[in-house]
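# A look at the structure
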Amino acid sequence: MTALAAAAPVRFWRRSTVVRHLTWAVVGLVVLYFVSTSLDSFANLQLAQICYTAIATAGLTVLSGLSGQISLGHGAFVAVGAYTTALLLEHLEWSLPLVLLGSVVVGGALGSLVGVAAARLRGPYLAGATLALAVGLPSLADYHALRDVLGGANGLIVTSEPPPLSLGETFPLERWQAWICGFCLVLTLFLLANLTRSKIGRDMRLVREDEQAAALSGVHVARTQIVTFGISAAFAGLAGGLFAIVNSLAAPGAFTLSLSLSLLTAAVLGGLGSLAGAVYGAVLVTLLPNWTADLAQQADLPRAIYANIPLVLYGLVLIVVIVAFPGGIQSGVRKLGALARARLNRPQEPDNHQEPR
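Residues numbered from 1 in each chain as written. Predicted model: local features only at pLDDT ≥ 70, side-chain atom pairs only at ≥ 80, totals over all residues. Heavy atoms only, no water.

### Description of the confidence of the model for the protein
- Taken residue by residue, the protein gives an average pLDDT of 84. The fraction at 70 or more is 91%.
- At the level of individual helices and strands, the protein shows its lowest average pLDDT in helix H1 (residues 2–15), which scores 55, and its highest in helix H8 (residues 173–196), which scores 94. (pLDDT = per-residue confidence, 0-100. Helix = DSSP H or I, 4+ residues; strand = E, 2+ residues; numbered from the N terminus.)

### Overview of unusual backbone geometry
- Positive phi, normally seen in glycine, also occurs at Ser248, with a value near 55 degrees.
- Tracing the backbone shows Ser248 in the loop between helix H11 (221–247) and strand S2 (249–250).

### Observations regarding the packing of aromatic side chains
- Per the stated rule, a full pass over the model turns up 6 aromatic pairs.
- Judged by centre distance (5.8 Å) and plane angle (45 degrees), the ring pair of Tyr33 and Trp179 falls under tilted. Pair noted here: Tyr33 is in helix H2 (residues 17–37) and Trp179 is in helix H8, with a separation of 146 residues, a long-range link.
- Taking relative accessible area as the criterion, Tyr33 reaches 42% and is therefore assigned partly exposed.
- Ring centres of Phe243 and Phe255 lie 5.1 Å apart, and the angle between their planes is 55 degrees; this geometry places the pair in the tilted category. In this pair, Phe243 is assigned in helix H11 and Phe255 in the loop between S2 and helix H12 (257–270), connecting sequence segments 12 residues apart. An identical accessibility class is assigned to Phe243 and Phe255; each is buried.
- Members of the aromatic cluster, joined through ring pairs, are Tyr33, Phe34, Phe171 and Trp179.
- For the cation-ring pair, Arg175 lies above Phe171, with the distance from its terminal atom to the ring centre recorded as 5.4 Å. (Phe/Tyr/Trp six-rings, centres within 6.5 Å; stacked < 30°, edge-to-face > 60°. Buried < 20%, exposed > 50% of the residue type's maximum accessible area, 1.4 Å probe, protein only. Lys NZ or Arg CZ within 6 Å of the ring centre and 35° of its normal.)

### Notes on helix H6 (residues 123–136)
- Over its 14 residues, H6 runs 20 Å from end to end, which matches the ideal 20 Å to within 8%, given 1.5 Å per residue.
- Looking only at H6, the buried set comprises Leu126, Ala127, Thr130, Leu133 and Ala134. Buried residues of H6, viewed axially, fall in a sector of 120 degrees; they line one side. Away from its buried face, by an angle of more than 90 degrees, H6 presents the exposed residues Pro124, Tyr125 and Val135.
- Of the surrounding secondary structure, the elements contacted by the buried residues of H6 are helix H4 (74–92), helix H5 (96–118), H11 and H12. (Expected span 1.5 Å × (residues − 1). Arc of directions from axis to C-beta. Contact = heavy atoms within 4.5 Å.)

### Some remarks on a nonpolar patch on the surface
- A cluster of nonpolar side chains, contributed by Leu22, Val26, Val30, Tyr33 and Phe34, occupies part of the molecular surface with about 480 Å² of accessible area.
- Here Phe34 is to be found in helix H2. (Patch = residues over 30% accessible without salt bridge, like charges linked within 9 Å, V, L, I, M, F, W, Y side chains within 5 Å. Areas by Shrake-Rupley, 256 points an atom, 1.4 Å probe, with all protein chains shown as cover. Salt bridge = Lys/Arg side-chain N within 4 Å of Asp/Glu carboxyl O.)

### Examining the packing of H4 against H5
- It is at 8 Å that the axes of H4 and H5 come closest, and there the two elements cross at 140 degrees. What the angle tells us is that H4 and H5 run oblique. Viewed along their axes, H4 and H5 form a crossing whose handedness is right-handed. Contacts between H4 and H5 involve Phe77, Val80, Gly81, Thr84, Thr85, Leu88 and Leu89 on the former and, on the latter, Val99, Leu100, Gly102, Ser103, Val106, Gly107, Leu110, Gly111 and Val114.
- Taken together, the residues of the contact of H4 with H5 sort by class into 9 nonpolar, 7 polar and no charged. (Axes fitted to C-alpha atoms, helices over the stretch in contact; angles between N-to-C directions. Parallel < 35°, antiparallel > 145°, perpendicular 65-115°, else oblique. Left-handed = near helix turned anticlockwise from the far one by under 90°. Nonpolar A, V, L, I, M, F, W, Y, C, P; charged D, E, K, R; others polar.)

### Concerning the state of the cysteines
- Summed over the entire model, instances satisfying the criterion amount to 0 disulfides.
- Distance from the sulfur of Cys181, which forms no disulfide, to the nearest cysteine sulfur (Cys51) is 6.1 Å.
- For Cys181, a relative accessible area of 1% translates into the label buried.
- No disulfide involves Cys184; its sulfur sits 6.6 Å from that of Cys181, the nearest cysteine. (Disulfide = S-S within 2.5 Å.)

### Details of the side chain of Ser260
- Tracing the chain through its elements places Ser260 in helix H12.
- Apart from residues no more than four positions distant in its own chain, Ser260 is found in contact with Leu72, Gly73, His74, Gly75, Ala76 and Ala134.

### Quick word on helix H13 (residues 275–298)
- Across its 24 residues, H13 extends 35 Å between first and last C-alpha, which sits within 8% of the 34 Å expected from 1.5 Å per residue.
- A bend of about 35 degrees at Leu287 is the largest found in H13, and the proline Pro289 appears one to four places after it.
- Just downstream of H13 lies Asp300, where phi reads positive at about 55 degrees. (Bend = angle between axes of the 7 residues up to and from the residue.)

Here it is, written out as structure tokens:
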């Protein structure tokens, strides 16, 4: 009876998706605390950048990996979230949780509108439409009718909320921002992990595999695609709000086409449809450019060569990752884990060798 009673919580943990994900969320918050306290100010700033990039990538990997919709314009939703945060802080002076919630709502609403059109498009047509959104939407900030509101090409200055006085007057602002972004990332992964295990997640997979078969199974294909696009854009809006807070700026120059492509690159490298892969991809696309730039600077090469070395190294690393892990970094991690478990569970052969008497 004692052994059965001890095994009951383990069985409950394995069967309950919410409890299992909640456990991992608590573990993630603990890891975030110890990692952030061991880093300096610049490293904490990079940690915050990784977190909000991972949030946007997680939303995109659900859209493309589970629902099968291609988006090259998620940088536009990040821009919407950043400007929403800037405007709410400037004009309404809301508290930070309400401001970020506003960015989620506005990003999700715009994403749902785009999703209505996206539900009628397929393949390259959908990619082209979202690409036009990524190019055109941030440029509206410099439109003469909106220039006074959105700040034009210079953008809007965002006043970052200082750390609470309960943490001490000398508490580093960068660590506080890393905590905010890290908490939002853990919450995002918790919500999306439960979403992918729900009926909506199952409908997404059916739509991705075969839309006609999904429709025959009773799935409303267009509604599922619209909801998925709205959810993905909502988390991109949250990432944009965090971007504005960490960088103290919301400007169109920060949301160019390269941002959308880097988010898609992070999702593909990490593994489409994998939330853990979204974190791996965000780490790679955030830290790799800085690492390659540092290596190029230490090589003491002529300026003409030095300027191109980071791009070359960045491309080589991406190619190596894609070749080594065609299914993304998360697929490689799973394969390594399976090999390790197989090696541990392999029965040992009996030793028939007898020592001489």
